[in-house]
Every structure is written in structure tokens, then in C-alpha cells.
Amino acid sequence: MFRKLLKWLILLALLASIPFSVWIWWLDKQVVARFEGKKWQVPSEVFSAPLVLQDGAPWRKQDLEAVLSDYGYRFGKNSQKEGWAARSQTKVSAHLRDYTDHTGYHPASRRVFSFDNGLLQIQDVSGKRYRTAVLEPQKIGYLYGGNTENRDILVYEQIPKSLINILTATEDRDFFEHFGISLTGIARAAFVNLSSGSRRQGGSTLTQQLVKNMFLTSERTYSRKVTEVFMALLLEYRYSKEQIITAYVNEVYLAQEGDSALHGFAAASEYFYGRPLNELNLDEQALLVGMVKGPSLYNPRRNPERAKQRRNVVLDLLFEQGRLTQPQVAALKKQPLRIATEGKRRSAFGDYLDLVSMQLERDFDQAALATKNLKIYTALDIRAQKAALDAMHDRVALLVKQRSGLKGLQGAMVVTDRHSGQVRAVVGSSDKLYSGFNRALGAVRPIGSLAKPPIYLTAIASGRYTWWDKLKDEPRRFKVGNSVWEPQNYSRTAHGEVHMYEALAKSYNLATIDLASSLGFDRVAQTLRDLGVKRSFTMYPSVALGSLELSPFEVARLYQPLASTGDSAELGVVLSVMDQNGKVLKRFDQSTDVPFTKQALSVTLAGMTKSPEIGTAQAAQAQLPWLRFAAKTGTTNDQRDSWFVGITDDFLSTIWLGQDDNSPMNITGSSGAQWVWIDFAKALPQRSLPKTLPEGAGYYQVTLDDFEIAADRCRDKIELPFIEGTQPRSSTSCIWPF
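Read on for an overview of the structure. Not measured: the values here are computed from a predicted model. (Residues numbered from 1 in each chain as written. Predicted model: local features only at pLDDT ≥ 70, side-chain atom pairs only at ≥ 80, totals over all residues. Heavy atoms only, no water.)

**Section: the state of the cysteines**
A complete count under the given rule lists one disulfide for this structure. With its sulfur 1.7 Å from that of its partner, Cys 714 forms a disulfide with Cys 734. The sign of the S-S torsion, about 105°, decides the handedness of the disulfide formed by Cys 714 and Cys 734: right-handed. You can see Cys 714 sitting in the loop between strand 31 (709-710) and strand 32 (717-723) and its partner Cys 734 sitting in the segment after strand 33 (731-732), a full 20 residues away along the chain. Since its relative accessible area comes to 3%, Cys 714 is described here as buried. (Disulfide = S-S within 2.5 Å. Helix = DSSP H or I, 4+ residues; strand = E, 2+ residues; numbered from the N terminus. Buried < 20%, exposed > 50% of the residue type's maximum accessible area, 1.4 Å probe, protein only.)

Structure, rendered in C-alpha cells:
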């Protein structure tokens, strides 16, 4: 009877083992698929351009200190540690971080900065002078494509050993000894809970926590707990301790950033401290580890005192386990939380990220951008972006306060590198935070007098006109279809014969339409297209005075060949895309094909410097007397749009102000957009536009009345740029003949 019963028991056990084995096989498949397939849906990370500090560039000591602080550098007594800076009354020193981008590896360097008469000087600690110093690219955001998780992925070698010590001491002190579940941990937790009369400790290992986060729901049932145990055992069987703790460090949920769940200690370090994980102090790492127990409960922004108490509990655990001494713990407990300002990345860079997404969607699948953790390097200048944002917001707020009828005034701004055409800043709204509607890309409006410089370029490039030539600023009538168009000057008065430089500087409509008519409207249209206008338009005479409708971004592209004098023809946003292993997937090169000579472009740009001297941009020159720049203001019918373009040696800046409903305003390009640029140029010191012209062009002093080269003694003269061969052939000494 016993043998028969034993036989049946063995048979039943074998039969029962079949579904159990199938279940274990299925669990194993899930574990392997998750770890060897797509472990995380990680959005692509977007980075700014490195900030190149140039010896001799205009810098103020307080500005460099602010930039270093924004970049997460900490100020202390010295700058020997990477990511640290120090300052004296006259100097700043910093140990600049290393970084890798599409141009290669850039090692860390220690530099000393001084400020002689407002100009930066760069040296090393031995006194050797350097032409440049470079601050590493900064992460400005992510491309989600529907994904709602933020992660910064680390490999095991990048995880600070101190963080591993704190994590295991707090969550699983037997991690490196157990096989997925810890019997001693379970016994220890049971003893503590029974002794205290409440549940103060859990028995789950880090491996079990990882299984729960990656595979299972948070429901508390016996079946889920059993599944968790077996999956933990399989995970330990399949993978090393290093792989498991690396996955945990990258996977653990620590906060909610807007609509996005923030996972991993690296992302949490950037979010809460604005610094890389490997630069955090022990007390800061202890806070992040302490948050694992309750991310919302111990969020240092929402509950700072509770977060500090939790941090101190973690520090006490380190002392109890002999990992810190009592004096060390006491010193760490005295440290403040030092939490960074919340939400700076998205609010400051949202408009630029729109532009990045727009460019990349032509070359990359959205799913890849949202899940492959690509590294996207852009041309964004963080300093320029913040200066542009502040200038736009503060000036618009002031205009609304000072002038009636401007409630709801909006604006947009695009800043490009004058030489390379790389887009350094984009502002799509006058609102303080990212608004969601990017007017730099989406506000397509008449450009007003910003259409005039291409007309004068057409004239200069033809070789038939110079800045001295005279135009007729007189009323004219044009038949357009069945109607008659009669343009007028803004002042409603005509000025008779005026020199070309004066007509552009003072933005005379009648003189400009006289020039466009003489050149031929079709030729003017071709110039607009040659300069980069891709939007289709019909060349009515009114286009010459600005009825052409473009977005601020398109206006910046139109002006770029002129501002760069032919060095760049297009705007650059994304410089390169790399995969998470550092392989360059794509580089983005810009066209430099400009169908105008460098001489014609340089002479035209030089002519635009007359606007600050004698024309509609005199207010900017008065506010910035030390700066030589080119400018053009623009105002459309009924003052519906206020435009300004400013060009220094560093930047081409395009600014638009207007109402979303296209209603009339009481500001012009001079009284509105120009003042946004003035604020921007004051906040971000820039270098003067050089006066030198390329070979084949030059400056000449010319008499005002006769087309002659004037001697120095002549009084009624003006200095103008010419393409060689178009300057006066004769000269005068201005001596009265007896």
C-alpha cells in the first residue's frame, strides 16, 4: 500500500512539475528578452554647443561666474577638482570638465581667467596664455516622440563607488553575497518589524526591487511576490552583480518632471542638483538614495525638511555599518540641501527643441528618436539663449506697461552666428515660460522694410550703382491689375533727390521703390530667392516695400548670406547625431553657395552701418556708443508688425513683435523690436563689426555734392565703401582757386 501511494505521489509530482517548468521557462524568456532586447525606452538627448571662451573677447567677471554656476560648477577655495571653480577680487579659475562629441575627445583642463579693461584673458596655472577655453556641451532636453520617461544611462564604470556603497548599505547590505533573495535580510526585517511593532524594514533585495520595477505591477498579492522571487533568482543566475546593480541605478523611479517620469540616479542628479552624478558630495548621494523609499514623500523641492531627515537616516545607517565615522556624519548632516532651480531646461530651451525636432524628423524615424537614446549635438549657445529670453520678456512687459493697446503683445527672436550661420538662440514667445506656440517658426508676417537691403545689394552687385548715387524720393503710381498702388514714406513727406546710403539708413520708401523699378522687379525677386527665400511669392511692386510674408526664422535665413558676407548661406541647427556608443550616425553640413561676390556683400553690409549713425537705428547706437554694428528696422502697414535686424561681429539677430490677431499697434520697428535688441546686446557684450573690407573693395572719402574723392581738409564729405572700380575717378583738394 505504501509503495503504491509513493508511486502515485511521484507521478503527481512529475505531472505538477510540467506546468511549473513551463512557467519557469516562460519567466526566463521574459527576463532575457528584457535585458538583451530593449531594456529601456530612452528618448534622445539634446545638447548645446560647447561654449568657446575666446581670449580678448568682451567679458565681465560676474558674467563668467554666472555661466560657470549655470553649468553646475561649484565655487570653493580652489579649483583643483574637476567641476570646481574659485574666485578672487580680479580673477576666476576653473577646472573645466572633459567631454566627447562628434569632434572627438576633449580632455579636462584647468584655466585662470582675468578681465583686463573688460576683455577676457585666459591662462593656465603656470601663466601660459591660451587663445580659447571650452566649457562642455550642456544637456538642454530630450526628444520624446510620445515617450514620457527621462533617463541618463550609465555603464557600471561610470557609477560612483560611493553611491553603490550608500545604496547597498541602505537597501540591501548583503547584495554582493546573496543569490537574488536574502534569507538573512528577510530575518533581519522580520526581527526589526516585530521589535518595533510596525513595518520599518522590508526584506526585498535590490534584485527583487529591480524585478518589481521592470517586470511587475505594484499590487500586493502572494502570487506576485512568488513571481518576484523566482524572477529574481533567474536574474541572478543569468547576469552578474555588476549588470544587475547598473540596471537598478538606471531604472529606479525617483521623481515626476512635468508629464514625464524621471528614472535613474543620473537623471535625478541633473534634475535636483544640476550636476553630473560623479560630482555629487556624499550627503547629496545619500539624499537621492533615501528618496528610493518614497520619491514623492521625500522630494526635496516639495518636502525639504522631510527630505533632510531621510538623508540623515541614510547617513546614520552608514555610520552603523562602519562606512562613515561619527565626525564625518556630523559634518555631512550640517550641509544644506543645495537643490537647483526647477524646470530651467524646458522653459529656456523649448523653442529651440522645436527647431531640432523639425530638422531631425526629415532624417530619422520618430520611434528611433524617442527610444534609442541618441545624442544630438546642436549649435545652441546657452548664454545667448538666456539673454534673448530675458530681453524679449522684460522689454515686452515694459512696453505693455508703458503704452496702451499693447496687451497681449507677442514676439519672436532668432540669433545666429554671423560667420557660420549656426543658430545660437530661438525665442518663440514673449511669455516667461515655454508657451507651446513657436512664433519664430510659425508667425508668418509681412517683413516691411527688412525687404530693402536685398534691393540695395542688387544695385551694388550690378556694378552700376554706388552708395553715393542719388535716387528720386518722389511720389509714384503703379498699376497693379485693375487698381493703382501709390506708396508713401512713413512720414508722408517726400525728400527729392537723396543718396542711396541715406535712403536705406532712413528707410525711405519712395527712393527704394525708385531703385527697385530701375533695377527691374524681377531682378529684385531673383535676389530674394538667391538669398534663401524658399516660400513662393508673386513679385508685385509692393513686395519691394515689404509685403513679402516670412517667419522670423526665414528672415534670419534671408539675411545670413549678407551678414556673413558669403561665408554661410543657410542656418545650422543640429550639428551631428551620435548613438549611445559614440558612433556618429549623421553630420549636418551647411551650404556656402552664395551667388554674390564677397565684395558686393561686404560693401552692402558696410552701407547698413549708416542706419545706426544717421538713420532709424540711432537709438541703439546711443545706448551702445562703443559698438559698431549694422542694422535695419521694419514696420508694416498700420504698425501691425515691428521688426529689427542687428548685426555685430558675433551675431545676426532677428526680432519681431506683433499681436497674434494681427491687430494694429502703436509701436514701430524703432520703438519696439529695436529695444529688445538693445537689451540683448547690453546683456550679452559683443564685438564690433570690423571695418575692414576684402581685397577688391575699400573705403573712400567722397564729397557730398560732386562724385569726387575728397581730401582730408574737405568739410562736406562722407566716407563710403566701394567695390574697386566703382569709386570716383577724380579727386578734389578743396582749395579755393585764386
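What follows continues from the structure just given.
**Notes on helix 9 (residues 282-291)**
Taking burial as the measure, the ten residues of helix 9 include nine buried ones, the bulk of the element. When helix 9 is considered as a whole, its buried residues turn out to be Asp 283, Glu 284, Gln 285, Ala 286, Leu 287, Leu 288, Val 289, Gly 290 and Met 291.

**Some points on the sheet that holds strand 9 (residues 119-123)**
Within the open sheet, the six strands sit side by side as 3-4-5-8-9-10. Their pairing is mixed. One side of each edge strand has no neighbouring strand; the edge strands of this open sheet are strand 3 (74-75) and strand 10 (129-130). Sheet topology note: the strand 9/strand 10 ladder contains two bridges and is antiparallel. The partner of Gln 123 across the bridge, within strand 10, is Arg 129. Helix 2 (residues 61-70) contacts strand 3, strand 4 (84-87), strand 5 (91-96), strand 8 (109-116) and strand 9 of the sheet and is inclined by roughly 25° relative to strand 5. (Pairing = 2+ DSSP bridges. Contact = heavy atoms within 4.5 Å. Axes fitted to C-alpha atoms, helices over the stretch in contact; angles between N-to-C directions.)

**Looking at the pairing of strand 26 (residues 584-587)**
Strand residues, when the strand is regular, have side chains that alternate between the two faces of the sheet. Where strand 25 (residues 574-578) lies against strand 26, three bridges are found, and the strand directions are antiparallel. Residue pairing in the sheet places Met 578 in a bridge with Val 584 of strand 26. Taken together, strand 25 and the strand that follows it, strand 26, pair antiparallel across an intervening segment of five residues, in which Gly 582 is found at a positive phi of about 90°.

**Overview of helix 24 (residues 669-683)**
Because an α-helix completes one turn every 3.6 residues, residues spaced three or four positions apart along the sequence face the same direction. Taking 1.5 Å of rise per residue, the 15 residues of helix 24 would be expected to cover 21 Å, and the 20 Å separating its terminal C-alpha atoms lies within 8% of that figure. Taken together, the buried positions of helix 24 are occupied by Gly 669, Ser 671, Gly 672, Ala 673, Gln 674, Val 676, Trp 677, Ile 678, Phe 680 and Ala 681. N-capping of helix 24 is provided by Thr 668, with a side-chain oxygen placed 3.2 Å from the backbone N of Ser 670. (Expected span 1.5 Å × (residues − 1). Polar contact = N/O pair within 3.5 Å; in protein donor to acceptor, adjacent residues only side chain to side chain.)

**As for the pairing of strand 8**
With six of eight residues buried, strand 8 lies mostly within the body of the structure. Bridge analysis of strand 5 against strand 8 gives six bridges, and the strand direction is antiparallel. The residue of strand 8 that forms the bridge with Lys 91 is Ser 114. Bridge analysis of strand 8 against strand 9 gives five bridges, and the strand direction is antiparallel. Each bridged residue has a counterpart across the sheet, and for Val 112 the counterpart in strand 9 is Gln 123. Here strand 8 folds back onto strand 9 in antiparallel fashion, the turn holding two residues, of which Asn 117 has a positive phi close to 55°.

**Remarks on unusual backbone geometry**
Backbone geometry places Arg 338, a non-glycine residue, at a positive phi of 55°. Mapped onto the elements, Arg 338 comes out in the loop between helix 11 (326-333) and helix 12 (344-360). Relative accessible area serves as the criterion here: at 27%, Arg 338 is assigned to the partly exposed category. Here Asp 638, not a glycine, exhibits a phi torsion of approximately 60°, which is positive. Mapped onto the elements of the fold, Asp 638 is located in the loop between strand 27 (630-635) and strand 28 (641-647).

**A few points about the packing of helix 18 (residues 509-519) against helix 19 (residues 521-530)**
Packing of helix 18 against helix 19 brings their axes to within 5 Å, and their N-to-C directions diverge by 100°. Relative to helix 19, helix 18 is oriented roughly perpendicular. Of helix 19, the residues touching helix 18 (which contributes Ile 513, Ala 516, Ser 517 and Leu 519) are Phe 521, Arg 523 and Val 524. Residue composition of the contact of helix 18 with helix 19, grouped by class: five nonpolar, one polar and one charged. (Parallel < 35°, antiparallel > 145°, perpendicular 65-115°, else oblique. Nonpolar A, V, L, I, M, F, W, Y, C, P; charged D, E, K, R; others polar.)

**As for the nonpolar core**
Taken as a class, soluble globular proteins show a tendency for nonpolar side chains to be buried jointly. Grouped together as the largest cluster of nonpolar side chains are 147 residues, with contacts concentrated most on Leu 53, Leu 360 and Trp 677. If one sorts the elements of this core by residue count, helix 14 (residues 382-402) sits on top with nine residues. Residues contacting Leu 360, with those up to four places away along its chain left out, are Leu 143, Leu 369, Ile 376, Val 574, Val 577 and Phe 588. Grouped together as the second largest cluster of nonpolar side chains are 46 residues, Leu 254, Phe 265, Leu 288 and Val 329 included. (Core = buried A, V, L, I, M, F, W, Y, C linked by side-chain atoms within 4.5 Å.)

**Some details on the packing of aromatic side chains**
Counted by the stated rule, this structure contains twelve aromatic pairs. Chaining the aromatic ring pairs together yields one cluster made of Trp 468, Tyr 700, Phe 707 and Phe 722. The positively charged end of Lys 241 is found above the aromatic ring belonging to Phe 175, 4.5 Å away from the centroid. Above the ring of Phe 537, the side-chain terminus of Arg 529 is found at 4.4 Å from the ring centroid. (Phe/Tyr/Trp six-rings, centres within 6.5 Å; stacked < 30°, edge-to-face > 60°. Lys NZ or Arg CZ within 6 Å of the ring centre and 35° of its normal.)

**Regarding the sheet that holds strand 12 (residues 139-143)**
With respect to topology, five strands assemble into an open sheet ordered 12-1-16-25-26, the strand pairing being mixed. Both outer strands of the open sheet, strand 12 and strand 26, are each paired with one neighbouring strand and no more. When strand polarity is set aside, the average angle formed by the axes of neighbouring strands in this sheet is 20°. When strand 16 (residues 375-378) meets strand 25, the two strands line up antiparallel, connected through four bridges. What sits directly across from Tyr 377, in strand 25, is Ser 576.

Bear in mind that shape data such as this cannot, by itself, settle questions of function.
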